[in-house]
Amino acid sequence: MRYKRSLLISVAIGLLMLVSAACVKSDNTNTTDTTNASQNSEKESNKENKKETKKREKSKNSEDKEEVKQVSEVPHIILEKTSQIYVDKNSDHYLYISEISHLCLKNDSEEFKPLAKALDKYNEEADANIAKAREEMAACCEDLKKDSPSYFYNHPMLSDETDVYVIRSDKNIVSILDYRVADYGGVHPGYQYSSHNYDTNTGEEIKFTDVVKDTSAFFGLADNKIKENYPDDNLTMPSEYVKDMQDSNYKDLVWTVNAEGVSVYFNTYTLGAYASGVQIITVYFDQAKDMFNDKYVNKEKDYVFPLLTEDMVIDLDINNEGKREPVRVKNLKEKVYEDNDIYFTGMEVFAGDKKSVRIYGYDGSTYVIKKDGKYYMYLFLEQEGDYEALSVVDLSTMNYDMTDDTFYIGLASITTYWSEDGNTYTWLEETFTDTQSFQASISAQLLSTFFAAKEWYVGKNGRPESNEDRYKVTSNHVLHTLKDVKCEEVDEKGNVKKSAVIPENSYLLFLYSDGENWVDVRIIDENDVNITKTDNGDGSFDKYFSVKNTSLKDYKGPLYRITINKDEEYYKTKVGGVDINQLFEGIVFAG
């Protein structure tokens, strides 16, 4: 697939994931009962009042300590994304598309309630902003229809879409970057970064001056970096631009905190002309000892953060010699003459004076990893056939071998809603903020194409590893048996118990798989199955099946394991020596 948007019009299986998100709302109410006793004398009354005041102060201090207690684990954030296409009712012409993300916590423990409340507020603001954007796009379309009907029915679809990046999420800070691209039919789209930074323990939004103690020194270093990174652009210096922000504690400044330092983002037209684009500058924690609040200075040895392709250069000590060198990723694009359009075809990684080989793919995301003192680049790229591949590049050597350094996994996501007309699509998407735990999925080709996910971590030599033996299937696909099927019965942990037979006319819900040889299924009732018929044009129909109630996938108990044998010579797939097309109805393979 060449674009993410193609997910909206494809009826393939879709990207899916294991995790479930919990958005927790919390209200904390603290009350202090004050009792005033009647005394015989004014002196005694004053003494009692002083004692009571001390009690209240002691109680309040105790409550304050409880409120700012350090959380015990790292918060993991899930993006709940919604994309909507709006269509002209009279002509079925696509008018505009909008996309937003809600932030939800995977951890639903009590200690994260203040943070969850802060994310609720973020989500409310996102809803208000996209509602306003939809009104503006609708008005633009109405004006086009009125003033230029011929162009209205041929104009490209308008769009307002926001990507969200979780730059850092640990026990002290959650740093969020929004990147909005709005195309309302003008000369060129509008691009805009915005940011939110939260204290993990209190949920309070952090001010720039809470993190950066010496702003003068910070922007002096930012000026130097602008000159170094953008020598040919006539740009306003950051220190000059932010002069009027001091009184507001830099409220309108776009900034985030990653594991290496603090980044500031200057949108198009902010420091220079449109042609100069966006400028992103990072000032590093090790550049000045007393410049930053120590609370927010990263102290973890292993970490991960996203690198924004094209716009961002990050300086890293890739050789552990005490010298930082620039690291960036370049998108590769080619013109396809059949439709005269330009397509994304891969990426190249640059570190210091070295460059990687071309890494092929069609869209994706990149992350800087530090593991055991070494830096790596993770590149998750979509491939032909609707699957993702992870390429790992060692930044100290820039070596990349397609066989040894490619892993066929992608950050997990799961479709949660798709409207009947296909115009509204909601899915949950994993964010990668913790080297010790992240959900990644595979695209398996067993009995059908389906997606399945499990937990991974960054292991030795920066490679992804997992301690789990099986994936949990995240697709909602169901098969119908046409004959009895030979299989094995397994317990809920996947241990084989005995041989078994699945009877004819059973509906099988996929639950687990190793991704290569077998699928664990459970039998569900026909009433819990959606049945879709496709007309083949010759009087015959194909049937496809999916589960109605996805809670059936949370089943804990014995399952049936179907082992698949592939006859490579004759391109046949069999179960128990019988061709799968004779055993099952509803098989769907992508591609």
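So, a few notes on the structure that sits alongside this text. No experiment lies behind these values; they were computed from the predicted model shown.

The subject of this paragraph is the packing of aromatic side chains. Here the distance between the centres and the angle between the planes together describe a pair of aromatic rings. All told, the structure shown has 25 aromatic pairs when counted by the stated rule. Between Phe208 and Phe219, the ring centres sit 5.7 Å apart and the planes meet at 35°, which makes this aromatic pair tilted. With a gap of 11 residues between them, Phe208 in helix α4 (residues 208-211) and Phe219 in helix α5 (residues 215-229) connect regions that are remote in the sequence. A relative accessible area of 1% means that Phe208 is categorised as buried. Cluster of aromatic residues (ring-pair linked, three or more members): Phe208, Phe218, Phe219, Tyr250, Trp255, Phe285 and Phe292. Over the face of the ring belonging to Phe350 we find Arg328, whose NZ or CZ atom lies 4.1 Å from the ring centre. The positively charged end of Arg522 is found above the aromatic ring belonging to Tyr555, 4.2 Å away from the centroid.

To continue, consider the environment of Glu585. Inspection of the secondary structure puts Glu585 in strand β37 (residues 584-585). Judged by relative accessible area, Glu585 falls into the partly exposed class, the value being 22%. C-alpha of Glu585 to C-alpha of Leu482: the two residues are 103 residues apart in sequence and 6.7 Å apart in space. The contact partners of Glu585, leaving out residues within four places of it in the chain, are Leu479, His480, Leu482, Lys543 and Phe545.

Next up on the list: the pattern of salt bridges. The full count for this structure, using the stated rule, is 24 salt bridges. The salt bridge involving Asp315 is made with Lys225; its shortest N-O contact spans 2.5 Å. You can see Asp315 sitting in strand β10 (residues 314-316) and its partner Lys225 sitting in helix α5, a full 90 residues away along the chain. You'll find Asp315 and Lys225 in the same group, each marked buried. With its nearest N and O atoms 3.0 Å apart, the salt bridge here joins Glu260 to Arg324.

So, about the sheet that holds strand β9 (residues 303-307). Paired through their backbone hydrogen bonds, the strands of a sheet run either parallel or antiparallel. Read across the open sheet, the 5 strands follow the order β9-β15-β16-β17-β18; overall the sheet is antiparallel. Only two strands of the sheet have a single partner each, and these edge strands are β9 and β18 (406-407). Bridge count for strand β17 (residues 387-394) against β18 is 2 bridges, and the pairing is antiparallel. Paired with Ser391 across the two strands is Thr406, which belongs to β18.

Take Thr282: it is sitting in strand β8 (residues 279-284). Judged by its relative accessible area of 4%, Thr282 falls in the buried class. Within the structure, the side chain of Thr282 is placed 2.6 Å from the side chain of Ser263, a separation counted as a polar contact. With near-sequence residues (within four places) excluded, Thr282 lies in contact with Asn258, Gly261, Val262, Ser263, Gln287, Met312 and Ile314.

Conventions and cut-offs
- Residues numbered from 1 in each chain as written.
- Predicted model: local features only at pLDDT ≥ 70, side-chain atom pairs only at ≥ 80, totals over all residues.
- Heavy atoms only, no water.
- Phe/Tyr/Trp six-rings, centres within 6.5 Å; stacked < 30°, edge-to-face > 60°.
- Helix = DSSP H or I, 4+ residues; strand = E, 2+ residues; numbered from the N terminus.
- Buried < 20%, exposed > 50% of the residue type's maximum accessible area, 1.4 Å probe, protein only.
- Lys NZ or Arg CZ within 6 Å of the ring centre and 35° of its normal.
- Contact = heavy atoms within 4.5 Å.
- Salt bridge = Lys/Arg side-chain N within 4 Å of Asp/Glu carboxyl O.
- Pairing = 2+ DSSP bridges.
- Polar contact = N/O pair within 3.5 Å; in protein donor to acceptor, adjacent residues only side chain to side chain.

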